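Letter by letter, the chains look like this.
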Amino acid sequence: MNHFELFDLPAAFDIDAADLQQRYRKLQQQLHPDRFASGSERDKLLAVQRTAQVNDAYQTLKTPLNRAEYILQLRGIDLQHEQQTIRDPDFLMAQMEWRERIEELQQAADDFAAIDSAYGDLDAQTRDLQQQLEQHIKAEANEAAAIAVRKLKFMHKLRSEIERVEDSAD
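From a predicted model like this one, the values you see are computed outputs, not experimental measurements.

Draft legend 1. Broad picture of the overall build of the chain. Helix and strand counts for the chain come out as 7 helices and 0 strands. The N-to-C order of helical and strand elements in the chain reads α-α-α-α-α-α-α. For the chain, the spread of C-alpha atoms along the three principal axes comes to 60 × 40 × 30 Å. Classification of the 170 residues of the chain by burial places 34% in the buried group. Considering only contacts within the chain whose residues lie at least 6 apart along the sequence, 65% involve residues at least 24 apart.

In structure tokens, the structure reads:
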């Protein structure tokens, strides 16, 4: 049973996060190991395994990037452990510009306006990529969706780097 089936949801990128959370809580209540405390060892073990499966499925589906990777995995494209380089020259140039910008932020780490500006720009670019990703997944343009996932992973790494700069300034 895949993660979407577990939550009785269609295998789609666009899901209702509140609905997913509600389904998660309901499954947690039904499968919680404490409900099987007086059961056999086998029942207890199965309850723990099912709870772990529900937790894993929820963690995967609640985050758009992880959900997209999972959908692609269901379609036969596994991106989790790959190290493929993005061959988009414009995106590569943008990566270089972001690296330079982060270096500048590190040198002036107490410039919170510049940090806020970087977050804003990064969020806007991330939203654009997520919209592209959603369109590619709906259209089942799997290779284009995989490229968008790779780009979004880079954007998430950038966010972590900006957060480190911000943390060092505090």
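Draft legend 2. Region of interest: the side chain of Arg67. Along the polypeptide, Arg67 turns up in helix H4 (residues 64–74). Residues contacting Arg67, with those up to four places away along its chain left out, are Phe4, Ala12, Phe13, Ile15, Thr60, Leu61 and Lys62.

Draft legend 3. Representation of the packing of aromatic side chains in the model. Tallied over the entire structure, the rule returns 3 aromatic pairs. Centroid distance Phe91 to Phe154: 5.6 Å. Interplanar angle 75°. Geometry classified as edge-to-face. Of the two residues, Phe91 is situated in helix H5 (residues 89–107) and Phe154 in helix H7 (residues 142–169); the sequence distance between them amounts to 63 residues. As far as the burial class goes, Phe91 and Phe154 line up, both buried. Over the face of the ring belonging to Phe13 we find Arg67, whose NZ or CZ atom lies 5.2 Å from the ring centre.

Draft legend 4. Representation of unusual backbone geometry. Within the chain, Asp8 stands out as a residue other than glycine whose phi angle is a positive 55°. Relative to the assigned elements, Asp8 resides in the loop between helix H1 (3–6) and helix H2 (17–31). Judged by its relative accessible area of 62%, Asp8 falls in the exposed class. The phi dihedral of Glu140 falls on the positive side, at around 55°, and the residue is not glycine.

Draft legend 5. Spatial organisation of the nonpolar core. Counting residues in each nonpolar core, the largest one holds 43 residues, and the members touching the most others are Phe7, Leu133, Met155 and Ile162. Taken together, the elements giving at least two residues each to this core come down to H1, H2, helix H3 (41–62), H4, H5, helix H6 (112–138) and H7. The greatest single-element share of this core, amounting to 10 residues, is contributed by H7. If sequence neighbours within four positions are ignored, Phe7 has contacts with Leu20, Arg23, Tyr24, Leu27, Val54, Ala57, Tyr58 and Leu61.

Draft legend 6. Region of interest: the environment of Gln29. In this fold, Gln29 is placed in helix H2. Since its relative accessible area comes to 58%, Gln29 is described here as exposed. Expressed as a C-alpha distance, the spacing of Gln29 and Ala141, which sit 112 residues apart in the sequence, is 38 Å.

Draft legend 7. A look at the packing of H6 against H7. Contact geometry of H6 with H7 gives a least axis separation of 9 Å together with a crossing angle of 165°. If you check the angle between H6 and H7, you find them roughly antiparallel. Note that H6 runs across H7; the crossing there is left-handed. Residue classes in the contact of H6 with H7 are distributed as 18 nonpolar, 4 polar and 5 charged.

What counts, and where the lines are drawn
Residues numbered from 1 in each chain as written. Predicted model: local features only at pLDDT ≥ 70, side-chain atom pairs only at ≥ 80, totals over all residues. Heavy atoms only, no water. Helix = DSSP H or I, 4+ residues; strand = E, 2+ residues; numbered from the N terminus. Buried < 20%, exposed > 50% of the residue type's maximum accessible area, 1.4 Å probe, protein only. Contact = heavy atoms within 4.5 Å. Phe/Tyr/Trp six-rings, centres within 6.5 Å; stacked < 30°, edge-to-face > 60°. Lys NZ or Arg CZ within 6 Å of the ring centre and 35° of its normal. Core = buried A, V, L, I, M, F, W, Y, C linked by side-chain atoms within 4.5 Å. Axes fitted to C-alpha atoms, helices over the stretch in contact; angles between N-to-C directions. Parallel < 35°, antiparallel > 145°, perpendicular 65-115°, else oblique. Left-handed = near helix turned anticlockwise from the far one by under 90°. Nonpolar A, V, L, I, M, F, W, Y, C, P; charged D, E, K, R; others polar.

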